[in-house]
Amino acid sequence: LVPDPRAAFPSGTSVTAQPASWAPDGTGTGGTMMLEVTYPGKGATTYIAVMVKEGNDWKVLATMEMPR
């Protein structure tokens, strides 16, 4: 729901998608992908992102922190 996704994170945060983790939902309209988020001064945290394709755009519907 954030027009500019960078605004959802503190300045200096790094977000890296892990394309090899892509798991389609079987309908062709969505799936999940792992993301690594590194906040300034902290170690990386892994999240799973639930994604959906709307028109030509991909949108993140939800994220959940993954246990280590």
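Caption draft 1: Looking closely at the sheet that holds strand β2 (residues 30-38). If you trace the four strands from one edge of the open sheet to the other, you get β1-β2-β3-β4, paired in antiparallel fashion. If you trace the sheet from one side to the other, it starts and ends with β1 (14-24) and β4 (57-65), each paired once. Taking each pair of neighbouring strands and ignoring which way they run, the sheet shows an average axis angle of 30°. In the sheet, β1 pairs with β2 via seven bridges, with the strands oriented antiparallel. In the sheet register, Ala23 faces β2, and the bridge partner there is Thr32.

Caption draft 2: Expanded view of the environment of Tyr47. Here Tyr47 lies in strand β3 (residues 44-54). Placed 13 residues apart in sequence, Tyr47 and Val60 show a C-alpha to C-alpha distance of 12 Å. Dropping the residues within four chain positions of it, Tyr47 is found in contact with Met33, Met34, Leu35, Val37, Tyr39, Thr63, Met64, Glu65 and Met66.

Definitions and limits used
- Each chain carries its own residue numbering, running from 1 in the written order of its sequence.
- Since the coordinates come from a predicted model, pLDDT governs what is reported: local features require at least 70, and pairs of side-chain atoms require 80 or more to be given and counted, while whole-chain, interface and lining totals use all residues.
- As a rule here, side-chain values cover all heavy atoms of the structure and leave hydrogens and water aside.
- Between any two strands, pairing holds if DSSP finds at least two bridges.
- Helix numbering and strand numbering both begin at the N terminus, where a helix is a DSSP run of H or I of at least 4 residues and a strand a DSSP run of E of at least 2.
- Fitted lines through C-alpha atoms serve as axes, helices being fitted only where they are in contact, and the angles separating the N-to-C directions of these axes extend from 0 to 180 degrees.
- Only heavy atoms enter the contact rule, under which two residues are in contact if any of them lie within 4.5 Å.

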